[in-house]
Structure formats: C-alpha cells, structure tokens
2 protein chains.
Amino acid sequence: MSANDNEVALLIRKLERLARLEQADKEALRGLPLRTQRVPADHYLVQEGDVALECCVLLKGYACRHKMTRSGDRQVVSFHVQGDILDLQNLLLSRADHSVQTVSPATIGVVPSSVLKDVADRHPRIKDALWRETLIEAAVFREWVLNVGRRNAIARISHMLCEFALRSQQGGISSPEATVFPFTQDLVADATGLSVVHTNRVIQELRASGALRAGTSRIEIGDWEKLLSIGEFDPHYLHAAA
Amino acid sequence: MSANDNEVALLIRKLERLARLEQADKEALRGLPLRTQRVPADHYLVQEGDVALECCVLLKGYACRHKMTRSGDRQVVSFHVQGDILDLQNLLLSRADHSVQTVSPATIGVVPSSVLKDVADRHPRIKDALWRETLIEAAVFREWVLNVGRRNAIARISHMLCEFALRSQQGGISSPEATVFPFTQDLVADATGLSVVHTNRVIQELRASGALRAGTSRIEIGDWEKLLSIGEFDPHYLHAAA
DNA sequence: CGTAGGTTTGACTGATCTCAAGTTTGGTGG
DNA sequence: CCACCAAACTTGAGATCAGTCAAACCTACG
C-alpha cells in the first residue's frame with residue numbers, strides 16, 4: 001500500500017462509476033505519480049491560453065471553470081467536486097480554452113498529462129472511462145446552454161442548484177437537503193448569466209417560496225421537490241447510471 | 001475499392017484532422033458497413049430519450065442538435081456540417097439527452113454503434129481521434145454557454161455566424177465571405193436564445209453596419225473582419241490545428 | 001472592533017419579449 | 001408562365017424581466 005493510496009482511491013471510485021475496471025487497471029492507477037498539493041480558495045489552476053502539461057484531480061474542495069468576454073464579464077461553465085478530473089482535455093488538446101479556479105480551499109492531485117495519457121493508452125478500460133467522462137461533461141454543457149439560453153432567472157438558478165446538489169452527492173449517502181453550497185451569490189450570478197442584484201432578488205424569492213431555507217444568508221435547500229419543480233430539473237442528462 | 005469509398009473518404013479526412021492515422025486505421029474505416037441514406041430537411045435523426053444503437057456520419061447537408069424546455073422553448077446547442085459524426089456519444093452513453101435534426105436535405109451514413117466502437121477498440125489512433133473530437137465539441141459547448149450567457153444580442157448572433165462560417169469552411173478553400181448559411185432567422189433565434197422578432201431586428205442592424213450583406217433576405221457575410229469584431233470572435237476554442 | 005467581502009435595498013433604465021399585423025419570397029400546380 | 005400558398009421575414013406598439021448605479025447593511029475574521 002503506497003503513500004498515495006487514499007488519494008487514488010477517490011479517483012478509482014470515480015472511474016469505476018464510468019466503466020468496469022479490472023485489477024490491472026486499478027494497479028496502474030495506484031502507480032500514478034500523484035503529487036498532492038493544497039491550494040487556497042480562488043486559486044487559478046489553469047488560465048485560458050495556458051499550455052498545460054499536467055492534469056489535476058480534485059481531491060478535496062470545490063472548483064469551477066470559467067471563460068471571459070472581452071469586456072471582462074465572467075461566465076462559469078461548470079462546477080467540480082471531489083473526485084473530478086479537471087482538464088482532461090489537456091490529454092489531447094494543447095491550449096486551454098478556459099480557466100480553472102478553486103472555489104474553496106482545496107487539495108489537488110497533480111499528474112503529468114503524458115503519464116496519464118500513457119496509462120490510458122495501455123489500459124483501454126481506463127481510456128473508455130475517461131472518454132465517457134468527457135461525453136458526460138459535454139452533455140452537462142449542453143444542458144447549461146439550454147439553461148442559460150431559454151430558462152428565466154428563477155428556473156435557471158434552481159436548475160443550477162439542483163445539478164450541483166446531485167453532483168456533490170454522487171456516490172454519497174446523505175440527502176440533497178444536506179448539500180453545502182460553496183457559492184457566493186456572485187458565483188451563482190456568473191454561472192447563470194445574471195447580475196448579482198437580480199440573483200439576490202431571485203434567491204430571496206426562492207426563500208420566500210420555501211424552496212430555499214429562509215432566515216439565513218447562506219444558500220441551503222428548504223424543499224428539494226419544490227426546487228426540482230421550479231428548475232424543471234430532470235437528471236437524465238447527467239448519465240449517472242453506469 | 002469498395003462501393004462506399006467516396007463516403008468513407010470524407011470520414012477519413014475528418015479523422016485525419018484529429019489524429020495521425022496509419023494505413024491499417026484507414027483500412028478499418030473503409031471496411032465500415034456504412035449504409036447511406038437520404039433524408040429530407042427537418043428530419044429527426046435522434047429524439048431526446050431515444051436509445052440509439054446507430055451512429056450517423058453527415059455526408060452532405062446540415063444538421064443541428066437541440067434540447068427543449070418543459071414549456072416547449074427550443075435551444076439549439078450545435079450545428080453540424082459535412083463530415084461531422086453525429087452522436088458519437090451513443091458509443092458510450094445509452095440514452096440520448098438531446099435531439100438531432102437535419103436543417104437541410106441531407107445524406108447520412110449510418111453505422112451500428114457497436115461496430116464503430118469495436119473499430120475504435122482495435123485501433124487506438126481512431127479512438128483517440130474520436131475522443132479528441134468529443135473534447136473539441138465540449139470546448140465549443142463551453143463557448144456557447146459564454147455566448148448565450150454573457151454576450152448581448154448583436155455580439156451573440158455575430159459570434160454564432162462566425163463559428164459556423166469557419167466550421168463549414170474547415171478543410172475547404174473558399175473564403176468565409178462565401179459561406180452559405182442554411183439558417184432561417186427562427187433557427188438563429190433558437191441557437192442564440194433570442195426571440196425571432198429581436199433576431200430579425202439585430203440582423204437588420206448587422207446589415208445596416210455592413211457586417212452582413214444588405215439588400216437580400218438571406219444571411220450573407222458582408223464584411224468578415226467587422227463580423228469577427230462585433231462577435232468578439234477568437235477561434236482558438238475550435239482547436240482547429242491538429 | 002475594524003474591515004473587506006458578501007448581501008440587501010431602492011430607484012431608475014433599458015434590452016429583449018410578446019402579441020398581432022402585414023409583407024415578401026420561393027416553390028408548386030394549372 | 002402565372003397564380004397561389006405557406007413559410008419566412010418585417011414592422012409597430014406596449015409590456016416586462018433583468019440590468020445598472022449607488023448606497024447601506026451584515027458578518028466573519030484578523
């Protein structure tokens with residue numbers, strides 16, 4: 001049992017949800033030279049335009065990806081939780097088209113892209129798992145385009161919260177109601193394409209309706225079913241079942 | 001030289017732009033049992049929720065993918081041109097999370113997902129090419145989230161037109177100005193998350209500025225540089241260079 | 001116990017939407 | 001070759017959702 005078994009266990013569990021792995025596959029993953037590293041909140045892991053030669057696994061904490069408009073408006077395009085592989089795309093694309101940033105203090109496992117690519121090349125089931133992850137990510141992006149393009153503010157915010165609740169719960173046991181959102185309202189605004197002011201007003205509306213818990217300035221789920229319904233949330237696009 | 005060499009040549013050219021293929025890889029592709037089929041415009045190739053057991057290659061014509069809101073609002077999430085592989089995701093995901101529809105009369109090549117998957121399994125360079133395609137698609141979706149989430153109507157429409165012009169030109173020789181857009185204004189609206197009425201007004205504005213050609217009711221580029229600039233268009237996210 | 005970051009409020013503005021008519025265009029059958 | 005029709009495009013007017021600006025107000029943390 002090597003030193004980074006605990007870290008790698010997370011990664012293995014994640015990939016097992018994506019494809020059936022055999023002993024040899026898991027051995028190969030355990031052999032990855034994963035360099036763990038703690039980083040503060042709001043720390044950039046990748047900047048748009050970088051040539052990234054490494055891949056990060058998010059071992060603890062939260063992160064997001066975002067892009068910016070010429071005028072500096074920010075759009076968050078995805079959130080990431082424990083176990084997610086940030087920047088899988090570095091394996092095959094050379095230049096980052098977006099930034100990756102922590103949203104909370106985090107621990108990451110860093111591995112050279114070439115090493116991971118090599119492991120994937122020698123273990124087709126691992127490659128399939130990673131490819132499948134890419135496909136699911138693409139499905140999530142499609143849903144975001146719909147969310148941001150066609151839903152009004154209240155449905156948009158609700159939908160985004162539902163997705164995060166489910167994803168942060170994936171493989172866990174506790175209920176959606178217990179979700180801890182690492183979001184400032186600013187972040188929510190940037191993820192939904194709204195202004196902070198309007199985001200604040202809509203969150204208050206969600207609190208008044210009971211969908212979010214009232215009497216706190218944090219975002220907490222009050223009524224999961226109600227939030228699902230306001231957000232028109234249907235989880236099939238997450239392709240969660242292996 | 002088998003009967004479907006011409007059709008497969010398109011596919012091979014596409015994949016060669018994505019990864020270095022060897023003779024054996026190309027042979028395998030030529031061996032694909034590609035059943036060609038002509039379909040009219042507005043024909044559904046996949047419906048959201050389908051379990052699709054086949055993969056389509058778009059041999060001629062145009063297609064798009066879209067999703068719908070509960071209330072029936074449509075959001076187009078991508079456009080496709082000659083050579084594109086529609087629904088690569090069927091190789092690893094079972095249920096379609098979106099619909100695929102032709103935008104013009106089209107010719108498609110149909111191949112069972114399992115056969116293509118099998119070829120990919122036995123030819124790692126082909127699998128890499130397909131994976132890379134998935135990654136690029138994801139990058140395009142990210143840009144769409146930004147486009148729809150943070151750009152105003154005129155930039156949004158311009159950006160979308162720039163992307164299509166470039167993609168429909170890929171591998172070709174003619175200039176962006178010569179692009180033929182197979183779009184109704186309704187489609188443009190659904191791709192940008194705007195209403196048809198506003199889309200119409202913005203297109204008129206683009207014509208008045210010279211970015212689009214005036215004096216026609218079709219969408220034609222008038223001034224490519226201007227359109228790029230209005231759309232804040234930077235093609236790096238297309239990862240076009242192999 | 002001061003401060004910075006985050007949240008909330010108010011007042012006003014404006015981009016985009018909706019509804020409801022037209023008008024033009026391209027394709028089809030006589 | 002023309003008349004007709006449906007689909008696509010335009011236009012106008014009024015409504016509204018969401019944005020902006022600017023000022024407080026919390027509250028966690030040093």
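Residues numbered from 1 in each chain as written. Chains lettered and ligands numbered in written order. Predicted model: local features only at pLDDT ≥ 70, side-chain atom pairs only at ≥ 80, totals over all residues. Heavy atoms only, no water.

(A) Inspection of the relation of the copies chain B and chain A at higher detail. Superposing chain B onto chain A requires a rotation of 180 degrees together with a translation of 0.0 Å along the rotation axis, leaving an RMSD of 0.0 Å. Classification of the inter-copy transformation places it as that of a two-fold axis. The residues that chain B uses at the interface reappear at the interface of chain A in 100% of cases, marking a shared surface. (Least-squares fit on C-alpha atoms with pLDDT ≥ 70 in both. Contact = heavy atoms within 4.5 Å.)

(B) View of the interface of chain B and chain A. Listed per partner, the contact involves 53 residues of chain B and 53 residues of chain A. The largest contributions to the chain B side of the interface with chain A come from Trp131, Arg142 and Arg150 of chain B, which together make up 19% of the buried area. Counting across the chain B and chain A interface gives 10 salt bridges. Applying the counting criterion to the chain B and chain A interface returns 30 residue pairs in polar contact (both at pLDDT 80 or more). At the level of secondary structure, the elements contributing two or more residues to the side of chain B that touches chain A comprise β4 (63-68), β5 (74-80), α3 (113-122), α4 (124-150) and α6 (185-192) of chain B. Per-element tally for the side of chain B that touches chain A: the top contributor is α4 of chain B, with 20 residues. Per-class residue counts for the side of chain B that touches chain A are 24 nonpolar, 10 polar and 19 charged. (Buried area = accessible area lost by both parts, 1.4 Å probe. Salt bridge = Lys/Arg side-chain N within 4 Å of Asp/Glu carboxyl O. Polar contact = N/O pair within 3.5 Å; in protein donor to acceptor, adjacent residues only side chain to side chain. Helix = DSSP H or I, 4+ residues; strand = E, 2+ residues; numbered from the N terminus. Nonpolar A, V, L, I, M, F, W, Y, C, P; charged D, E, K, R; others polar.)

(C) Structural context of helix α5 (residues 153-169) of chain A. The end-to-end C-alpha distance of α5 of chain A, which contains 17 residues, comes to 24 Å, matching closely the 24 Å that a straight helix rising 1.5 Å per residue would cover. For α5 of chain A, the buried fraction is high: 14 of the 17 residues fall into the buried class. (Expected span 1.5 Å × (residues − 1). Buried < 20%, exposed > 50% of the residue type's maximum accessible area, 1.4 Å probe, protein only.)

(D) Structural detail: the packing of aromatic side chains. Residues and elements named next belong to chain B. Inspection of every chain in the model, using the stated rule, returns 16 aromatic pairs over all chains. The interplanar angle of 50 degrees and the centroid separation of 5.6 Å between the aromatic rings of Tyr62 and Phe164 together place this pair among those described as tilted. Here Tyr62 is found in the loop between β3 (54-60) and β4, whereas its partner Phe164 is found in helix α5 (residues 153-169), with 102 residues between them in sequence. Ring centres of Phe79 and Trp144 lie 6.0 Å apart, and the angle between their planes is 55 degrees; this geometry places the pair in the tilted category. Highlighted residues: Phe79 in strand β5 and Trp144 in helix α4, separated in sequence by 65 residues. (Phe/Tyr/Trp six-rings, centres within 6.5 Å; stacked < 30°, edge-to-face > 60°.)

(E) View of the nonpolar core. Counting residues in hydrophobic clusters, the biggest one holds 134 residues, and the most contacted among them are Leu15, Phe79 and Phe183 of chain A together with Leu15, Phe79 and Phe183 of chain B. When residues no more than four places from it in sequence are discounted, the contact partners of Phe183 of chain B are Phe79, Met160, Leu161, Phe164, Val188 and Ile219 of chain B. (Core = buried A, V, L, I, M, F, W, Y, C linked by side-chain atoms within 4.5 Å.)

(F) Broad picture of the domain arrangement of chain A. All names here are of chain A. Each assigned domain of chain A is listed here: domain 1 (5-137) and domain 2 (151-238). Once you take the C-alpha centre of each, domain 1 and domain 2 turn out to be 25 Å apart. Contacts between domain 1 and domain 2 engage 12 residues on the former and 14 residues on the latter. A buried area of about 1,200 Å², summed over both sides, lies between domain 1 and domain 2, and 57% of it is on carbon and sulfur atoms. (Domains from an automatic or database assignment.)

(G) Representation of the sheet that holds strand β6 (residues 85-86) of chain A within the structure. All names here are of chain A. Taking strand neighbours across the sheet as the criterion, the 4 strands line up as β1-β8-β3-β6 in an open arrangement whose pairing is antiparallel. For this open sheet the edge positions go to β1 (35-39) and β6, each flanked by a neighbour on one side alone. In this structure, strand β3 (residues 54-60) lies alongside β6, joined through 2 bridges in antiparallel fashion. When the bridges of β6 are listed, Val57 appears paired with Ile85. With respect to the sheet, helix α1 (residues 5-18) is in contact with β1, β3 and β6, its orientation differing from that of β3 by roughly 100 degrees. Against the sheet, helix α3 (residues 113-122) contacts β3 and β8 (106-112), and its axis sits at roughly 70 degrees relative to β8. (Pairing = 2+ DSSP bridges. Axes fitted to C-alpha atoms, helices over the stretch in contact; angles between N-to-C directions.)

(H) Region of interest: the sheet that holds strand β2 (residues 44-46) of chain A. All names here are of chain A. Strand order across the open sheet formed by 4 strands is β2-β7-β4-β5, with antiparallel pairing between neighbours. A strand with exactly one partner marks an edge of an open sheet, and here the two such strands are β2 and β5 (74-80). The average angle at which neighbouring strand axes cross in this sheet is 30 degrees, direction not considered. Pairing of strand β4 (residues 63-68) with strand β7 (residues 99-102), which is carried by 4 bridges, proceeds in the antiparallel orientation. Across the sheet, Cys64 pairs through a bridge with Gln101, a residue of β7. On top of the sheet, helix α4 (residues 124-150) reaches β4 and β5; it is set at about 140 degrees to β5, its chief contact.

(I) Seen up close, the protein's contact with DNA strand D. In the vicinity of DNA strand D lie 16 residues, with Gln185, Asn200, Arg201, Gln204 and Arg207 of chain B positioned nearest. The sugar-phosphate backbone supplies 65% of the atoms of DNA strand D found within 4 Å of the protein. Here His198 of chain A contributes a side-chain N or O atom positioned 3.4 Å from a phosphate oxygen of DNA strand D. Interatomic distance of 2.9 Å between a side-chain N/O atom of Arg207 of chain B and a phosphate oxygen of DNA strand D. Counting residues per element, the ones that place at least two in the surface near DNA strand D are α7 (196-209) of chain A together with α6 and α7 (196-209) of chain B. Take the surface near DNA strand D: its biggest share by element is 5 residues, from α7 of chain B. Taken together, the residues of the surface near DNA strand D break down into 4 nonpolar, 8 polar and 4 charged. (Near = heavy atom within 4 Å.)

(J) Region of interest: the protein's contact with DNA strand C. The local shell around DNA strand C holds 16 residues, among which Gln185, Asn200, Arg201 and Gln204 of chain A together with Ser195 of chain B are the closest. Protein-proximal atoms of DNA strand C, defined as those within 4 Å of the protein, fall in sugar or phosphate at a share of 66%. Residue Asn200 of chain A places a side-chain N or O atom 2.5 Å away from a phosphate oxygen belonging to DNA strand C. Elements that contribute at least two residues to the surface near DNA strand C include exactly α6 (185-192) and α7 of chain A together with α7 of chain B. Here the residues of the surface near DNA strand C sort into 4 nonpolar, 8 polar and 4 charged.

(K) Representation of the packing of α3 of chain A against α4 of chain A in the model. For the pair α3 of chain A and α4 of chain A, interaxial distance at closest approach is 5 Å and the crossing angle is 115 degrees. Contacts from Lys117, Val119, Ala120, Asp121 and Arg122 of chain A in α3 of chain A reach Pro124, Ile126, Lys127 and Leu130 of chain A in α4 of chain A.

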